[in-house]
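Observations on the three-dimensional arrangement
Here is what each chain is made of, one letter per residue.
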Amino acid sequence: MTAPVPTAITGVGWAVSGVPGFDPETALTRRGMLHKDRASRFALLAAEAALGDAGLLGAPELAGAAVVLSSNYANLDTVCDFVATIAADTSAGIRPMRIPHMSSHVTAAWVALQHGIRGPNLTLCNGAAGGLDAVAWARTLIAAGRATAALVIGVEPDTGPVARLHRETGGRRWIDGAVGVVVEPTAAALGRGGTVRAGIGGYARADDEATAVRAALAGAGARRLDGEAGARFGRCSGALGVVRCALAVEQLAGVPVLAVAGADPGEADATSVSALVLTPPGSTP
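Here is a short report on the structure shown in this document. Computed from a prediction, not measured in an experiment: that's the story for all the values here.

1. Digging into the packing of aromatic side chains
This structure, assessed with the given rule, holds 2 aromatic pairs. Judged by centre distance (5.9 Å) and plane angle (35°), the ring pair of tryptophan 14 and phenylalanine 233 falls under tilted. Residue tryptophan 14 is located in strand β1 (residues 7–16), and its partner phenylalanine 233 is located in helix α9 (residues 228–233); the two are separated by 219 residues in the primary sequence. Classification of tryptophan 14 as buried rests on a relative accessible area of 19%. Taking 6.2 Å as the distance between ring centres and 40° as the angle between the ring planes, the aromatic pair formed by phenylalanine 22 and phenylalanine 42 counts as tilted. With phenylalanine 22 in the loop between β1 and α1 (24–27) and phenylalanine 42 in helix α2 (residues 38–54), the pair connects residues that are 20 residues apart, well separated along the chain. Comparing phenylalanine 22 with phenylalanine 42 shows no difference in burial state: the two are buried.

2. Observations regarding helix α8 (residues 209–217)
The set of residues buried in α8 consists of Ala212, Val213, Ala216 and Leu217. In an axial view of α8, the angular spread of the buried residues amounts to 120°, which keeps them on one side of the axis. Put simply, aspartate 208 is the residue that caps the front of α8, since its side-chain oxygen is 3.4 Å from the backbone nitrogen of alanine 210. Where α8 ends, the next residue or the one after it, alanine 218, has phi of about 50°, a positive value.

3. Quick look at the packing of helix α5 (residues 130–143) against helix α10 (residues 240–251)
Two elements in contact, α5 and α10, have axes separated by 5 Å at closest approach and are oriented at 70°. As far as their axial angle goes, α10 and α5 are roughly perpendicular. Listed contacts from α10 to Gly131, Leu132 and Val135 of α5 are Gly241, Val242 and Cys245. Here the contact of α5 with α10 is built from residues that sort into 4 nonpolar, 2 polar and no charged.

4. Describing the pattern of salt bridges
For the structure shown, the criterion picks out 9 salt bridges. Of the charged contacts in the structure, one is a salt bridge between aspartate 133 and arginine 205, with a shortest N-O distance of 2.2 Å. Taken together, the residues span a long stretch of sequence, with aspartate 133 in helix α5 and arginine 205 in strand β6 (residues 198–206) at a distance of 72 residues. Here arginine 192 ties to glutamate 184 by a salt bridge, and the two come within 2.6 Å at their closest N and O atoms. The buried category is assigned to glutamate 184, whose relative accessible area is 4%.

5. Thoughts on the sheet that holds strand β9 (residues 273–279)
Spatially, 9 strands are ordered β3-β2-β4-β5-β1-β6-β9-β8-β7 in an open sheet, and the strand pairing comes out mixed. Here the strands that pair on one side only, and so sit at the sheet edges, are β3 (121–124) and β7 (223–225). Within this sheet the neighbouring strands show an average axis-to-axis angle of 25°, counted without direction. Taken together, the 4 bridges between strand β2 (residues 66–70) and β3 define a ladder with parallel strand orientation. In the sheet register, serine 70 faces β3, and the bridge partner there is leucine 124. Packing of α2 onto the sheet brings it into contact with β1, β2, β4 (150–156) and β5 (177–185), and relative to β1 it is tilted by some 135°. Contacts from α10 reach β1, β4, β5, β6, β7, β8 (257–261) and β9 within the one sheet, and its direction differs from that of β1 by about 110°.

6. What about the nonpolar core?
Of all hydrophobic cores here, the largest spans 45 residues; its most connected members are Ile9, Trp14, Val152, Val183, Val243 and Leu278. Counting residues per element, this core draws most heavily on α10, at 8 residues. If near-sequence neighbours (up to four positions away) are discounted, valine 183 is found in contact with Thr7, Ala8, Ile9, Ala138, Ile142, Ala149, Ala150, Val152 and Ile200. Counting 31 residues, the second largest nonpolar core, distinct from the first, contains Ala15, Ala46, Leu56 and Leu69.

7. A few points about the side chain of histidine 115
The residue histidine 115 is located in helix α4 (residues 106–115) in this model. We classify histidine 115 as buried; its relative accessible area is 14%. Non-local contacts of histidine 115, meaning those with residues more than four positions away in its chain, are made with Ala47, Glu48, Leu51, Leu57 and Leu62.

8. Regarding the packing of α2 against α4
The interhelical angle for the contact between α2 and α4, taken along N-to-C directions, is 40°, at an axis separation of 9 Å. Taken as axis vectors, α2 and α4 run oblique relative to one another. Seen along the crossing, α2 lies across α4 with a hand that is right-handed. Between α2 and α4, the residues in contact are Ala39, Ser40, Ala43, Leu44, Ala47, Glu48 and Leu51 and Val106, Thr107, Trp110, Val111, Gln114 and His115, respectively. Within the contact of α2 with α4, the residues separate by chemical class into 8 nonpolar, 4 polar and 1 charged.

About the thresholds
- Residues numbered from 1 in each chain as written.
- Predicted model: local features only at pLDDT ≥ 70, side-chain atom pairs only at ≥ 80, totals over all residues.
- Heavy atoms only, no water.
- Phe/Tyr/Trp six-rings, centres within 6.5 Å; stacked < 30°, edge-to-face > 60°.
- Helix = DSSP H or I, 4+ residues; strand = E, 2+ residues; numbered from the N terminus.
- Buried < 20%, exposed > 50% of the residue type's maximum accessible area, 1.4 Å probe, protein only.
- Arc of directions from axis to C-beta.
- Polar contact = N/O pair within 3.5 Å; in protein donor to acceptor, adjacent residues only side chain to side chain.
- Axes fitted to C-alpha atoms, helices over the stretch in contact; angles between N-to-C directions.
- Parallel < 35°, antiparallel > 145°, perpendicular 65-115°, else oblique.
- Contact = heavy atoms within 4.5 Å.
- Nonpolar A, V, L, I, M, F, W, Y, C, P; charged D, E, K, R; others polar.
- Salt bridge = Lys/Arg side-chain N within 4 Å of Asp/Glu carboxyl O.
- Pairing = 2+ DSSP bridges.
- Core = buried A, V, L, I, M, F, W, Y, C linked by side-chain atoms within 4.5 Å.
- Left-handed = near helix turned anticlockwise from the far one by under 90°.

Below is the structure:
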């Protein structure tokens, strides 16, 4: 995927259990959260925080934006509940109005509906590399003229079925929450008075880490960001890449940062490796 249009991250939003200042018990029961699964509630909170940080919350520009979400487990608890209901009562026990909640895409749809986002709406469910892939897809949609901006969200909930899968594959700790980043064309962000938090540079996806890293760097140098996501939250699964981007924005300090996701120890759902370079504001990606 190529990106002839320079793009940047202009907003970051956290809604993760354990992050100082965030109380999930209060936040997840806010008005408007009723009848939504845990992943969707977290995603809505992260989206609001990221858009607010970018200065785009409620902005008319969002009508042409996109939502790109990465999650491997998302609404698994809802699907399990439906299966149990059908086993006990047949399909007659399922209310038709709740059928859309079984779709793995329901979380991204809730975010778009909440913020009037009418552009492309995508959900990636492709292992621990998916979060960085989502950022790359956001950039590609902008470069192709399909979206004026993009809201990228990585979300994984700590629900009963998800916890069971983690434990069965040797997991001891895993993330419970969502992280969002706003991606915009650099020129458009500066033109509206927005703040460029990080430029988006080289990206690559491969079957092995060395190939992905080499292609993303393309001879350039960057400080690699490793370990902190897992140390703070445990397994991040589909949210890993977005978490790493958010952490990189906080730690650029004038030096490009390389984020890698997909080959992390303990991430049992790894299927491939993605690498993405984030550059300091004002530099050339």
